[in-house]
Amino acid sequence: MKALEKIIHNLDPKFEKGGKWEKMYPLYETLSTFLFTPKHVTKKGAHIRDGVDLKRTMFMVVLALIPCLLFGIYNTGHWHYEIQSYVNPALEGYRDYLTGFGDKVIYGLIKVLPLVIVSYAAGLAVEFVFGFIKGHGLHEGFLVSGMLIPLTMPADVPLWMVAIATIFAVVIGKEVFGGTGMNILNVALTARAFLYFAYPTAMSGDKVWKSGTDDMLVQAGNVMPDGASGATALGDLASFVGDSPVVAGKVMSSSDDLVAAFESAYDPIHAFIGMIPGSVGETSTLAALLGGAILIFTGVASWRIILSFFAGGMLFGLLMNGVGANAYMDLPGYYHLIIGGFAFGAVFMATDPVTAAQTSWGKIWYGLLGGALTVLIRVLNPAYPEGIMLAILFMNVMAPLIDHYVVQTNIKRRQKRFKTA
Amino acid sequence: MSKTVKLRKGLDIKLVGEADKLKVDAPMPASVALKPTDFHGLVPKMVAKQGDKVKIGSVIFYDKYNEAIKFVSPVSGVVEEVVRGAKRKILEVRITPDAQEDAVKHEPKDPASLSGEEVKAAMLENGLWPFLKQRPLDIVADPNVEPKAIFVSAFDSHPLAPDYDYIVHGQDQFFQNGLNALAKLTSGKVHLTLNGNVPADATFQNAKNVQINKIFGKHPAGNVGTQIHFIDPIDKGQFVFTVNPQDVVAIGKFFAEGQYDPTRIVALTGSEVKNRKYYRTIVGASVTGIVNDNLESENVRVISGNALTGEKIDRNGYLGFYDAQITVLPEGDQYKFFLTKGWLGPGFDKFSSHMLFPTWLMKNKKYRLDTNMNGEERGFVVTGEMEKVMPLDILPMQLIKAVMTKDIDAMELLGIYEVAPEDFALCEYVCTSKIDIQEKIREGLDLIKEECM
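In this text the structure is predicted, and so the values were computed from the model without any measurement.

Comments concerning the overall build of chain A
- The helix and strand inventory of chain A stands at 20 helices and three strands.
- Relative to the globule expectation of 22 Å for 421 residues, the C-alpha radius of gyration of chain A, 24 Å, shows essentially globular dimensions.
- Considering only C-alpha atoms, chain A reaches an extent of 75 × 65 × 35 Å along its principal axes.
- Evaluated residue by residue, chain A yields a buried proportion of 57% over its 421 residues.
- Long-range contacts, defined as pairs at least 24 residues apart, comprise 70% of the intrachain contacts of chain A with a sequence gap of at least 6.
- On chain A, roughly 17400 Å² of surface is accessible, and the fraction owed to carbon and sulfur atoms is 68%.
- With 30 positive and 30 negative side-chain charges, chain A shows a separation of 18 Å between the mean positions of the two kinds.

Set out below in structure tokens:
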């Protein structure tokens, strides 16, 4: 390592101000500080500092995302073969979740890895452009955003869309505010929201969730074959409040017991494990909770936000059960926590410390309201089958307001000490 | 009426290198210095000139904006040099001691029989006043204000802190005398706060004329700011004075013996020192005599004070006015490969309050920490980390941001009057974004001084 250290740091003068490659300093700084924690020493204040830095913190988040990524890769492969099996009888066996493991993994890799690569490439390129403008190396925030973005996309989304969304999110969502630590909205959700509203056909409906649905439809003559369905659980649920509810591809008459049909189509255990169609990384509550456990244990993410987010969703789900005005409201509350991107959002998106509430009590309110709002949007606004993206973005905007009230409480409590004394 | 405070938050940073309980006389320093930089915001007006002969207790300079506050020589000798920095700012007044111990002498007096004004005048005239610091602002106390209370913390909870129970042991009389003098300066109480975790020395336990409080918990339990916050908090417009226990002894000695007592017992600590002991030396003494030839390695940082709040000094630098500790740490100016000692390393050698390091498994391990930043400065990203080590009912992040944006109203509401930079030393230690928080707090206090005081 000494040799490597020598080679790299012999280059130092060339990249410093006035050096030959001065302009490339941000790139050089990023690489050299990645390999070697710099020799900066404390100058003012505390002479010793905690071992932690933003690189280690962010790395831990990326690590916590790995279960979601791996599960997402397999799940993408599975639903591809499942939907293909309706036009290719040879694949019928693949409808079983674990049959054809290798094929599914390979297909998943082919679909998902490019998304990850494009997201990182586009985002890091933008980060470096701003780094060159401001003269500093890469700040670590995007390392996490770059992994989150592909996991929130349907597997079939065109790569150029991913690139555009990422660039939009990094520029408008983050860099214009001053970069890592300064943004108001969660960067990954900004990317997703951008695509959701700019290219809704690529991000919603019932043709995008299972990779290759379009090809299958062409072969099937543009009609969904009997028994096949491209919708997500949330898509089905949204149809409950319309005239012709659908469960797993079967059109039901409104009077049927929709909830029972839904429960048998989407077994809670399967939904919890993530064996349901959806965006790449969002389907598995289990994988998200695994990541959540890592983040809570290491203290990187706030347990207050994660727990209160789940509590908020559950409570609002129960409240809806209590109202019970339609079949969707009758859906058991816990279902909301295990379908769609609820767990993924609660663990990885809502906990983004920059955009979440920053005070301890603020975090609890932020989580409770975010969870409740997610279910509210899902159940009461059928135009948006999935509520979590909009709920978290809305709470991002509201977080400073929540903090404001917490801070006011602190100020009042502190002033009261002098009045009673 | 005594108060007991229990802290749930805080952090004890365990370092290698505590001083052994052994008091030895340091050799008479070849040079001593009075450093105006020890007194934040002070503009000194010189009285003594280069080449002047001075006695123990002779006035060297006074405060330009508060002429009553005098700063005196701790030794008899010759003013060797007035060291100036940029804009001719006076950094050090160096004095070479002679063998005689000539002192400015006064009649011994019992402070209990003096009036407040008399005590104040004696302390101002004889260089004892600067031992008093005031909150708010954490500067030398303003003699024109009336403190509502005076706080003495009987222990220090900083890393490797000197044990005041050991230092003041046997000085009961002088300590009591000092407390009696302090009691004259306030219409309120003098608070002496003991460490609840261990039994205190008899000097502290038997102190009279004070309210004795107990505080339990981790650092910053020993910080006088923490104690004030829980026992008698400061509102806008109120003042509290604080004194170190050893300086209380010096004040008591002055009244009992009629002359300024410059001797101090200083703990020499830190992983890079061979002979770690308590040295009897002089306020402002050159540390060369006890530090040189006593080091484990060459590339070290000598700190007057502790590792969290101390001042970096040269190896032939001078002990700070308020310090009872010298810490020597390894300098961390090496690159660290990311997988071994760097940011992604296993981290057995790094003490962290975050669960990202195996530190939490090794509760009793002592660490040899160096002065590396362990990362680069970033914008604030992580939240909640400072709150874990901040026992005061103050929102650290919000206050720091108010300071950064120079929002005076918010600073006032969020508690700037109650804090000193040292109260934020732990926040600075744990900060993932490596921001110099104590410096920010000081900037905030300077702004308040300028605009509101």
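Don't stop here, the text continues.
A short note on the overall build of chain B
- Looking only at helices and strands, chain B features 12 helices and 21 strands.
- The C-alpha radius of gyration of chain B comes to 21 Å, within 12% of the 22 Å expected for a compact globule of 453 residues.
- Here chain B holds 453 residues, and the buried ones make up 62% of them.
- At a minimum sequence separation of 6, the contacts of chain B that also span at least 24 residues come to 69%.
- Counting every atom, chain B has about 17400 Å² of accessible surface; 48% of that belongs to carbon and sulfur.
- Looking at charge distribution, chain B has the averaged site of its 55 positive side-chain charges lying 3 Å from that of its 61 negative ones.

Remarks on empty space enclosed by the protein
All names here are of chain A.
- Across all of its chains, the model carries nine cavities of 30 Å³ or more by this definition.
- Of all the secondary structure elements, the ones that give two or more residues to the lining of the largest cavity are helix 4 (54-84), helix 6 (141-151), helix 8 (187-198) and helix 18 (342-349).
- Examining the composition of the lining of the largest cavity, we find that four residues originate from one element, helix 6, more than from any other.
- Among the residues forming the lining of the largest cavity, the class breakdown is 15 nonpolar, eight polar and two charged.
- Two domains each donate at least three residues to the lining of the largest cavity, and these are domain 2 (54-203) and domain 3 (256-275 + 284-410).
- Volume-wise, the second largest cavity comes out at about 90 Å³.
- In terms of lining residues, the second largest cavity is bounded by Thr152, Leu189, Arg192, Glu282, Gly341, Phe344, Gly345, Met349, Glu386, Ile388, Met389 and Ile392.
- Those elements that provide at least two residues to the lining of the second largest cavity are helix 8, helix 18 and helix 20 (388-420).

Some thoughts on the sheet that holds strand 8 (residues 77-84) of chain B
Residue and element names in this part refer to chain B.
- Judged by pairing direction, the sheet is antiparallel, and its four strands sit side by side in the order 3-9-8-5 without closing on themselves. Looking at which strands have only one partner, the edges of the open sheet turn out to be strand 3 (32-34) and strand 5 (53-54).
- Pairing analysis gives three bridges linking strand 3 to strand 9 (residues 90-97), with the strands arranged antiparallel. Considered in strand 9, the bridge of Ala33 is made with Arg94.

With respect to the domain arrangement of chain A
- When its domains are assigned, chain A resolves into domain 1 (2-35), domain 2 (54-203) and domain 3 (256-275 + 284-410).
- The gap between the C-alpha centroids of domain 1 of chain A and domain 3 of chain A is 45 Å.

Here we look at the pairing of strand 15 (residues 240-243) of chain B
Residue and element names in this part refer to chain B.
- Residue alternation in strand 15 divides its side chains into two sets, Val240 and Thr242 and Phe241 and Val243, and both sets are buried.
- Where strand 10 (residues 133-135) lies against strand 15, three bridges are found, and the strand directions are antiparallel. Paired with Arg135 across the strands is Val240, a residue of strand 15.
- Sheet topology places strand 12 (residues 149-153) next to strand 15; four bridges connect them, and they run parallel. For Ile150, the partnering residue across the bridge sits in strand 15 and is Phe241.

Some thoughts on the nonpolar core
Residue and element names in this part refer to chain A.
- Val157, Phe262, Ile339, Phe348 and Tyr366 are the most contacted members of the largest nonpolar core, which has 109 residues in total.
- Sort the elements by how many residues they give to this core and helix 4 lands first, with 13 residues.
- Two domains each donate at least three residues to this core, and these are domain 2 (54-203) and domain 3 (256-275 + 284-410).
- When neighbours within four sequence positions are excluded, Tyr366 is seen to be in contact with Ile305, Ala350, Thr355, Ala356, Ala357, Ile392, Met395, Asn396, Ala399 and Ile402.

Some thoughts on the side chain of His80 of chain A
Residue and element names in this part refer to chain A.
- Within the secondary structure layout, His80 lies in helix 4.
- With relative accessibility at 11%, the residue His80 sits in the buried group.
- One polar contact links the side chain of His80 to the main-chain carbonyl oxygen of Ser211, over a distance of 2.7 Å.
- Contacts of His80, omitting those with residues within four sequence positions, involve Tyr107, Ser211 and Gly212.

Describing the packing of aromatic side chains
Residues and elements named next belong to chain A.
- Scanning the model with the defined rule gives 40 aromatic pairs over all chains in all.
- For the ring pair Tyr120 and Phe142, a centre distance of 6.2 Å and an interplane angle of 90° mean the geometry is edge-to-face. A residue pair is termed long-range when its members are at least 10 positions apart, and Tyr120 in helix 5 (residues 101-134) and Phe142 in helix 6 qualify at 22 residues.
- Between Phe128 and Phe132 the ring centres are 6.4 Å apart and the planes differ by 40°, which places this aromatic pair in the tilted class.

Digging into the interface of chain A and chain B
- Facing the 55 residues of chain A at the interface are 74 residues of chain B.
- Both sides of the chain A and chain B interface together cover about 6000 Å² of buried area, and 58% of this is carbon and sulfur.
- Inspection of the region where chain A meets chain B yields eight salt bridges.
- A salt bridge links Arg414 of chain A to Glu418 of chain B, with the shortest nitrogen-to-oxygen separation between them at 3.0 Å.
- Our count for the contact surface shared by chain A and chain B stands at 39 residue pairs in polar contact (both at pLDDT 80 or more).
- Among the elements of the structure, helix 1 (2-10), helix 3 (25-35), strand 1 (36-37), helix 4, helix 14 (285-298) and helix 20 of chain A are those that each provide at least two residues to the side of chain A that touches chain B.
- Examining the composition of the side of chain A that touches chain B, we find that eight residues originate from one element, helix 20 of chain A, more than from any other.
- Residue composition of the side of chain A that touches chain B, by class: 23 nonpolar, 17 polar and 15 charged.

Some points on the pattern of salt bridges
- The full count for this structure, using the stated rule, is 34 salt bridges over all chains.
- Among the ionic pairs, Glu418 of chain B bridges to Arg417 of chain A, the shortest N-O distance being 2.5 Å. In this pair, Glu418 of chain B sits in the loop between helix 10 (408-414) and helix 11 (425-430) while Arg417 of chain A sits in helix 20, so the two residues belong to two different chains.
- Asp247 of chain B is the partner of Arg264 of chain B in a salt bridge, and the nearest nitrogen-oxygen pair spans 3.1 Å. One end of the pair, Arg264 of chain B, is in strand 16 (residues 263-269); the other, Asp247 of chain B, is in helix 6 (residues 245-257), with 17 residues separating them in the sequence.
- Residue class for Arg264 of chain B comes out buried when judged on its relative accessible area of 3%.
- Connected through salt bridges with shared partners, the residues Lys55 and Glu140 of chain A together with Glu376 and Arg378 of chain B form a single ionic network.

Side note on the domain arrangement of chain B
Residues and elements named next belong to chain B.
- Looking at chain B, the domain boundaries give domain 1 (1-30 + 98-332), domain 2 (31-97) and domain 3 (373-452).
- Each of domain 1 and domain 3 has a C-alpha centre, and these two points are 25 Å apart.
- Residue-level contacts link 24 residues of domain 1 with 25 residues of domain 3.
- Buried area between domain 1 and domain 3, both sides added, is near 2100 Å², and the carbon and sulfur share of it is 62%.
- Broken down residue by residue, the surface that domain 1 buries against domain 3 is led by Lys9, Leu137 and His229, which jointly contribute 27%.
- There are four salt bridges connecting domain 1 and domain 3.
- Here Asp138 ties to Arg442 by a salt bridge, and the two come within 3.3 Å at their closest N and O atoms.
- The interface formed by domain 1 and domain 3 includes 12 residue pairs in polar contact (both at pLDDT 80 or more).
- Of the residues forming the side of domain 1 that touches domain 3, the biggest block, five residues, is contributed by helix 5 (residues 224-231).

Concerning the environment of Ala420 of chain B
All names here are of chain B.
- As for its placement among the helices and strands, Ala420 is situated in the loop between helix 10 and helix 11.
- Exposure remark for Ala420: the relative accessible area of 0% places this residue in the buried category.
- Residues Ala420 and Gly270, spaced 150 residues apart in sequence, show a C-alpha to C-alpha distance of 25 Å.

Parameters at a glance
Residues numbered from 1 in each chain as written. Chains lettered and ligands numbered in written order. Predicted model: local features only at pLDDT ≥ 70, side-chain atom pairs only at ≥ 80, totals over all residues. Heavy atoms only, no water. Helix = DSSP H or I, 4+ residues; strand = E, 2+ residues; numbered from the N terminus. Rg over C-alpha atoms; globule rule 2.2 N^0.38 Å. Buried < 20%, exposed > 50% of the residue type's maximum accessible area, 1.4 Å probe, protein only. Contact = heavy atoms within 4.5 Å. Areas by Shrake-Rupley, 256 points an atom, 1.4 Å probe, with all protein chains shown as cover. Lys, Arg positive; Asp, Glu negative; His and termini not counted. Charge placed at Lys NZ, Arg CZ, Asp CG, Glu CD. 1 Å grid on protein atoms, 1.4 Å probe; cavity = no way out; pocket = protein on both sides within 12 Å on 5 of 7 lines; lining within 4 Å. Points joined across faces, edges and corners; volume = space filled by probe spheres on them. Nonpolar A, V, L, I, M, F, W, Y, C, P; charged D, E, K, R; others polar. Domains from an automatic or database assignment. Pairing = 2+ DSSP bridges. Core = buried A, V, L, I, M, F, W, Y, C linked by side-chain atoms within 4.5 Å. Polar contact = N/O pair within 3.5 Å; in protein donor to acceptor, adjacent residues only side chain to side chain. Phe/Tyr/Trp six-rings, centres within 6.5 Å; stacked < 30°, edge-to-face > 60°. Buried area = accessible area lost by both parts, 1.4 Å probe. Salt bridge = Lys/Arg side-chain N within 4 Å of Asp/Glu carboxyl O.

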